[in-house]
Amino acid sequence: MNATDRTPADLLRSALAADPARPLVTFYDDATGERVELSVATFANWVAKTANLLQGDLAAEPGDRLALLLPAHWQTAVWLLACSSVGVLADVDGDPGAADLVVAGPDRLEEARACSGERVALALRPLGGRFPQPPQGFADYAVEVPGQGDRFAPYAPVDPMTPALAVGGLELTGAQLVERARADAAGRGLGPGSRLLSGLPYDTWGGLSAGLFAPLAAGASVVLCRNADRLSAEDLAARQESERVTVTAL
């Protein structure tokens, strides 16, 4: 990664320039058996489409607050980087009533209705599938995102010194987030080619760092496991071997 990277979106751009074909996020849901692997290029394409949706159709602007009511999931990782690309503050598990926009999973739609701004719902189905019945009052992410552009350019440059992430009472600017992610990566011994398996939820900085930001900052990749508590010790060991895991955070 480049020393000049000041935001998470910068980190992703550097990863794309360095090696677009390498795996970045490998996602497992051990409640459904789902497995998805996204290369840097594929992940960046999802981020670009989502950022275009956010900036264009949803009219989000730098400084807006987005309540992100989603679990540890590959699509959550996409939204975090899309927010960074636009300059929107991603408020993880934030109060939708105090947010300009809300993005929610299927189990948090009623809570999300407290937001008076734009509302987006994610079905979190395998392969990014849509809701069988679109939830009333929400845009279905899986319906809206495919038609978005594959390249993204913000209307205004993102200031790395403005708030980018809020989680668990902690608020970080883009520059602070990158600095913390780099420090966490060094503390975990991550480097290019490392594979970090994380079963941590996304509701703390530690979970977000292990499950996305530290690997991204180090040129490493993440094996993100939702419902990993359902794995036996033998199954976990088999996954660590098959996915060539070098670091584990559970």
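Overview of the structure. (Residues numbered from 1 in each chain as written. Predicted model: local features only at pLDDT ≥ 70, side-chain atom pairs only at ≥ 80, totals over all residues. Heavy atoms only, no water.)

Digging into the layout of surface pockets
Counted as a void, the largest pocket has a volume near 290 Å³. In terms of lining residues, the largest pocket is bounded by 14 residues, among which Arg13, Leu16, Ala44, Ala48 and Phe152 are the most central. Only helix H1 (8-18) and helix H2 (40-57) provide two or more residues apiece to the lining of the largest pocket. When residues in the lining of the largest pocket are grouped by element, the largest group, five residues, is from H2. (1 Å grid on protein atoms, 1.4 Å probe; cavity = no way out; pocket = protein on both sides within 12 Å on 5 of 7 lines; lining within 4 Å. Points joined across faces, edges and corners; volume = space filled by probe spheres on them. Helix = DSSP H or I, 4+ residues; strand = E, 2+ residues; numbered from the N terminus.)

Topic: empty space enclosed by the protein
Under the definition given, this model contains two cavities of 30 Å³ or more. Of the volumes computed, that of the largest cavity is approximately 60 Å³. Looking at the largest cavity, the residues that line it are Thr7, Cys83, Ser84, Gly87, Val88, Val158, Asp159, Thr162, Pro163, Ala164 and Gly174. Those elements that provide at least two residues to the lining of the largest cavity are helix H3 (74-86) and strand S8 (163-167). As a volume, the second largest cavity reaches approximately 40 Å³. Around the second largest cavity, the lining residues are Pro8, Leu80, Ser84, Ala90, Ala164, Leu165, Leu177 and Phe213. When contributions to the lining of the second largest cavity are tallied by element, the ones reaching two or more residues are H3 and S8.

Considerations on unusual backbone geometry
Located in the positive-phi region is Leu127, a residue other than glycine, with phi close to 65 degrees. Mapping Leu127 onto the fold places it in the loop between strand S6 (118-121) and strand S7 (139-140). Positive phi values are uncommon outside glycine, yet Asn227 reaches one of about 60 degrees. Its location among the elements puts Asn227 in the loop between strand S11 (221-226) and helix H8 (233-242).

Regarding the sheet that holds strand S10 (residues 195-198)
An order of S2-S1-S11-S10-S12 is seen for the five strands of this open sheet, with the pairing classed as mixed. Each end of this open sheet is capped by a strand with a single partner; those strands are strand S2 (34-39) and strand S12 (247-249). Direction aside, the axes of adjacent strands within the sheet are offset by 15 degrees on average. Strand direction decides the pairing type here: S10 and S12, joined by three bridges, are parallel. Directly across from Leu196, in S12, lies its bridge partner Val247. H3 rests against strand S1 (23-29), S2 and S11 of the sheet, and its axis sits at about 35 degrees to S2. (Pairing = 2+ DSSP bridges. Axes fitted to C-alpha atoms, helices over the stretch in contact; angles between N-to-C directions. Contact = heavy atoms within 4.5 Å.)

Concerning the sheet that holds strand S9 (residues 170-173)
Taken together, the seven strands give an open sheet; going across it, the order is S7-S6-S5-S3-S4-S8-S9, and neighbouring strands pair in mixed fashion. One side of each edge strand has no neighbouring strand; the edge strands of this open sheet are S7 and S9. Judged from the two bridges that link them, S6 and S7 form a sheet pairing that is parallel. Bridged to Val120 within S7 is Ala139. Relative to the sheet, H3 contacts strand S3 (65-69), strand S4 (89-92), strand S5 (101-104), S6 and S8, its axis offset from that of S3 by approximately 175 degrees. Contacts from helix H7 (residues 205-218) reach S4, S8 and S9, with the element oriented near 120 degrees to S8.

As for the packing of H2 against H3
It is the contact of H2 with H3, at a shortest axis distance of 8 Å, that shows an interaxial angle of 60 degrees. Comparing the axis directions of H2 and H3 gives the class oblique. Between H2 and H3 lies a crossing whose hand is right-handed. Contacts between H2 and H3 involve Phe43, Trp46, Val47, Thr50, Ala51, Leu53, Leu54 and Gln55 on the former and, on the latter, Trp74, Gln75, Ala77, Val78, Trp79, Leu81, Ala82, Cys83, Ser85 and Val86. When the residues that make up the contact of H2 with H3 are grouped by side-chain class, the tally is 14 nonpolar, four polar and no charged. (Parallel < 35°, antiparallel > 145°, perpendicular 65-115°, else oblique. Left-handed = near helix turned anticlockwise from the far one by under 90°. Nonpolar A, V, L, I, M, F, W, Y, C, P; charged D, E, K, R; others polar.)

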